[in-house]
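Working through the structure, step by step
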Amino acid sequence: MPASVNLPAVPAARLGARPRLVERYRDFLPITPETPLITLGEGNTPLVHLDHVGQRIGVPNLYVKYEGMNPTGSFKDRGMVVAISKAVEEGAKAVICASTGNTSASAAAYGAVAGLEVIVVLPKGKIALGKLIQAMAAGAKVVAVDGNFDDALEVVREMGEQRDHPVTIVNSINPYRIDGQMTAAFETCDDLGRAPDILAIPVGNAGNITAYWAGFNRYEAAGRIAAKPKMFGFQAAGAAPIVLGHPVEKPETIATAIRIGNPASWKRAEAARDESGGLIETVTDDEILATYRELSTKQGIFCEPASAASLAGIVKLAAAGRVPGDATVVCVLTGHGLKDPETAEKSAGGAEAIIEAPATTAGVMKSLGW
Ligand code: F0G
């Protein structure tokens, strides 16, 4: 096809059927006429009713917001689309982040489409395989440091301050990330027709709980909701600085996404908890994995381990009689299950769970014990 051929424009009505995130919530975002319209189709993620789990735990109005359905498979895309667009608007040539994996995958993808140099600084050996591959596939410069996420973030903060090689930080300490991530709270309210009574969320660096709380506050101030939810945050037991009240030097959890010992938005997470009358508590790796499996095998929803912390927390509190049976509860499932294929395989029984058979009908039937 010659380069001069004009492709037909996408009809406006069809674009309107699934508006871009930044267009839909433009009034709440720092978008100006100069902000470039970068998009990979982020947002508009499903709010799924958990029939089985809700009945089992006695909370029938139980939902998950399945953020794994974002373009790079995590909620990070909501904030990254705004942070990268603003970086381009402000003339940046390079962006950098520390990450437990999802932020780096998202920065790599949005940085690629925006034509920016992307540097991601990761804790060596502690990034789930899918996330690492995403950053590499998008052409980001991947730096693995001998340390944990908190060490990597410290390096990135200092890199952002030096002037020899100007670089924009796109961690959630960048306010545009929080702005974009507020849209998940807006969507949740728009889908339910009201705010939930309880919003349950995994807490790592604490940007997302900060963003949801800001989002609910903004929506209330705009008259879109009459009441705000209680914010229920959950940290992994081996990486629970906010619950313990002090930094954790060597955080450990199977949920590598939230393996963080000194969250950047610590104070703001506490404010969300206290202002909403909510709580921040722990869930163990066993509780996370049990919920992770139940979501897959009973609800057909495949999330990554860190994501399951939100629902694991609600399951635990409901068993202790701490969730009213008539409450509308939304649990945020922050990332897709394919992010961490190694944990998924192990959790599902490993290679032994696969039945070997000859390539014949009789052989397959026999292998099934039919
Ligand atoms: N769930 C997933 C899947 C995550 O990747 C993260 C954070 C969180 C929950 C916690 O969110 O940090 O806003 O409290 N991941 C960051 C990263 C740290 O680098 O991808 P938070």
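Residues numbered from 1 in each chain as written. Predicted model: local features only at pLDDT ≥ 70, side-chain atom pairs only at ≥ 80, totals over all residues.

To continue, consider the pairing of strand β8 (residues 230–236). For β8, a buried count of six out of seven residues is recorded, marking the element as mostly surrounded by other parts of the structure. The β-α-β motif built from strand β7 (residues 198–202), the intervening helix α10 (residues 207–221) and the parallel element β8 has right-handed crossover chirality. Summarising the sheet, β8 and strand β9 (residues 279–283) pair through five bridges and their orientation is parallel. Looking at the pairing, Gln-235 lines up with Thr-282 of β9. (Buried ≥ 20, exposed ≤ 12 C-beta atoms within 10 Å, placed from the backbone. Helix = DSSP H or I, 4+ residues; strand = E, 2+ residues; numbered from the N terminus. Right-handed = clockwise from strand over helix to strand, strands pointing away. Pairing = 2+ DSSP bridges.)

The subject of this paragraph is the site of the ligand. The immediate surroundings of the ligand are formed by 22 residues, with Ser-99, Gly-204, Asn-205, Thr-334 and Gly-335 found nearest. Of all the elements in the fold, those that place two or more residues in the shell around the ligand are α5 (102–114), α10 and α14 (305–319). Taken together, the residues of the shell around the ligand break down into six nonpolar, 14 polar and two charged. Viewed by domain, the shell around the ligand spans two of them, domain 1 (47–73 + 177–347) and domain 2 (76–174), each represented by three or more residues. (Near = placed C-beta within 6 Å. Nonpolar A, V, L, I, M, F, W, Y, C, P; charged D, E, K, R; others polar. Domains from an automatic or database assignment.)

Turning our attention to the sheet that holds β7. If you walk across this open sheet you meet the six strands as β1-β2-β10-β7-β8-β9, and the pairing is mixed. Each end of this open sheet is capped by a strand with a single partner; those strands are β1 (47–49) and β9. The mean angle between the axes of side-by-side strands here comes to 25°, regardless of whether they run parallel or antiparallel. Pairing of β7 with β8, which is carried by five bridges, proceeds in the parallel orientation. Across the sheet, the residue bridging to Leu-199 is Met-231, located in β8. (Axes fitted to C-alpha atoms, helices over the stretch in contact; angles between N-to-C directions.)

The next thing to look at is the domain arrangement of the protein. Assigned domains of the protein: these are domain 1 (47–73 + 177–347) and domain 2 (76–174). Here domain 1 and domain 2 have C-alpha centroids that lie 23 Å from each other. Residue-level contacts link 29 residues of domain 1 with 29 residues of domain 2. It is helix α8 (residues 175–181) that provides the largest number of residues to the side of domain 1 that touches domain 2, a total of five residues. By residue class, the composition of the side of domain 1 that touches domain 2 is nine nonpolar, 13 polar and seven charged. (Contact = placed C-beta atoms within 7 Å.)

Moving on, we get to the environment of Thr-291. With respect to the helices, strands and loops of the structure, Thr-291 is situated in helix α13 (residues 285–299). Along the backbone, Thr-291 and Thr-35 are 256 residues apart, and their C-alpha atoms lie at a distance of 41 Å. In this structure, Thr-291 is in contact with Ala-308, Leu-311, Ala-312 and Val-315, ignoring residues within four places of it in sequence.

Although it is not a glycine, Asn-44 sits at a positive phi angle of roughly 55°. The topology assignment puts Asn-44 in the loop between α2 (21–24) and β1. Within the chain, Ala-206 stands out as a residue other than glycine whose phi angle is a positive 75°. Tracing the chain through its elements places Ala-206 in the loop between β7 and α10.

Quick look at helix α9 (residues 183–192) now. Most of α9 is tucked away, with seven of its 10 residues classed as buried. Among all positions in α9, only Thr-183, Ala-184, Ala-185, Phe-186, Glu-187, Thr-188 and Cys-189 are buried. One or two positions beyond α9, positive phi appears at Gly-193, with a value near 80°.

The subject of this paragraph is the sheet that holds strand β5 (residues 141–145). Strand order across the open sheet formed by four strands is β5-β4-β3-β6, with parallel pairing between neighbours. The sheet is open, and its two edges are formed by β5 and β6 (168–169), each paired on a single side. Here strand β3 (residues 94–98) runs beside strand β4 (residues 117–123); their pairing, made up of five bridges, is parallel. By the bridge assignment, Val-95 is partnered in β4 with Val-118. Most of the contacts of helix α7 (residues 149–161) go to β3, to which it runs at about 155°, and overall it touches β3, β4, β5 and β6.

With their axes 7 Å apart at the nearest point, α9 and α10 run at an angle of 55° to one another. As the angle between them shows, α9 and α10 are arranged oblique. Regarding α9 and α10, the two cross each other, and that crossing is right-handed. Facing α9, whose interface residues are Ala-184, Ala-185, Phe-186 and Cys-189, α10 presents Tyr-212, Gly-215, Phe-216 and Tyr-219. Per-class residue counts for the contact of α9 with α10 are seven nonpolar, one polar and no charged. (Parallel < 35°, antiparallel > 145°, perpendicular 65-115°, else oblique. Left-handed = near helix turned anticlockwise from the far one by under 90°.)

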